[in-house]
Amino acid sequence: MSKITRQSVYILIISVFLLTFVLLFSFLSLIPEGKEYRKGKTQLFAQEKDLKRYQNFESQTYDTLKKLQSDNRHIIIAFDKEFSPQRFIKKYKSSFNSLEISKIEALDQEEGFSVYDVKTSSQISAPSVFYKFLDEINKSDWIVMVNFPIEFKRDGEVLNSSFKIKVYSNAKDLNTSKLVKK
């Protein structure tokens, strides 16, 4: 047998130490970090997938919002208009033989909107004129709801009608209790 030299022993000890160090380092550090890396990579991939799905949903929702805003611009603008009884009478007087607004009363907030109750009376030649008025009011500068019952009474050749409307608005400084007759 050959003689083991001192150098060989040092190299053997250093090799065993390095091998032990590499094995311990691998099992205690590299392998757990690799597992964490794979978990993180999987989570990141899932989050990127969710993010893309949410971005697509947001984009579709935004497009829908813009389309609805453009289709309903008139309605959106109408919520911000202040109700003017004189303007209302001027605009719709042509539909009636006479039109009077007798009372405007501020009601409570309803679903975040200011609501005003308006009592009106009018004279018309036929019920079809009133229905035409209802169609026109849907395209008006205000958001108006005609409340039932609508009373019609015949007086010779004309029909006297009285009805209430509610005017909805976002505007804060609206008419509160005015008495207007024209």
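Up top is the structure.
This report concerns the structure included in the present document. (Residues numbered from 1 in each chain as written. Predicted model: local features only at pLDDT ≥ 70, side-chain atom pairs only at ≥ 80, totals over all residues. Heavy atoms only, no water.)

This next bit is on the overall build of the chain. If you tally the helices and strands in the chain, you get 4 helices and 4 strands. When the helices and strands of the chain are read in sequence order from the N terminus, they spell out α-α-α-β-β-α-β-β. Taken over 182 residues, the chain has a buried fraction of 25%. Sequence-distant contacts, at least 24 apart, represent 66% of the contacts inside the chain between residues at least 6 apart. Of the accessible surface of the chain, which amounts to about 13,700 Å², a share of 59% is contributed by carbon and sulfur atoms. (Helix = DSSP H or I, 4+ residues; strand = E, 2+ residues; numbered from the N terminus. Buried < 20%, exposed > 50% of the residue type's maximum accessible area, 1.4 Å probe, protein only. Contact = heavy atoms within 4.5 Å. Areas by Shrake-Rupley, 256 points an atom, 1.4 Å probe, with all protein chains shown as cover.)

This paragraph deals with helix α3 (residues 85-92). Here α3 has its buried residues at Pro85, Phe88, Ile89 and Tyr92. Looking straight down α3, one finds that the buried residues subtend no more than 95° of arc, so they occupy a single side. (Arc of directions from axis to C-beta.)

Residue position: isoleucine 124 is located in strand β2 (residues 114-124). Here the alpha-carbon distance between isoleucine 124 and arginine 154, two residues 30 residues apart in the chain, equals 9.6 Å.

Moving on to the packing of aromatic side chains. In the structure shown here, the tally under the stated rule is 1 aromatic pair. Between phenylalanine 21 and phenylalanine 25 the ring centres are 6.1 Å apart and the planes differ by 15°, which places this aromatic pair in the stacked class. Placement of both phenylalanine 21 and phenylalanine 25 in helix α1 (residues 6-71) is noted, with a separation of 4 residues, approximately one turn of the helix. Overall, the relative accessible area of 48% leaves phenylalanine 21 in the partly exposed class. One Lys or Arg, arginine 53, reaches over the ring of tyrosine 54 and ends 5.1 Å from the middle of that ring. (Phe/Tyr/Trp six-rings, centres within 6.5 Å; stacked < 30°, edge-to-face > 60°. Lys NZ or Arg CZ within 6 Å of the ring centre and 35° of its normal.)

A word on the pattern of salt bridges. Inspection of every chain in the model, using the stated rule, returns 3 salt bridges. Note that glutamate 36 and lysine 39 form a salt bridge whose closest N and O atoms lie 3.9 Å from each other. One end of the pair is glutamate 36 and the other is lysine 39, both in helix α1 and 3 residues apart, which spans about a single turn. Under the relative-accessibility criterion, lysine 39 is labelled exposed at 52%. The salt bridge partner of aspartate 50 is arginine 53, with a shortest N-O separation of 3.2 Å. One end of the pair, aspartate 50, and the other, arginine 53, are both in helix α1, 3 residues apart, so they sit about a helical turn from each other. Overall, arginine 53 belongs to the partly exposed group, its relative accessible area being 48%. (Salt bridge = Lys/Arg side-chain N within 4 Å of Asp/Glu carboxyl O.)

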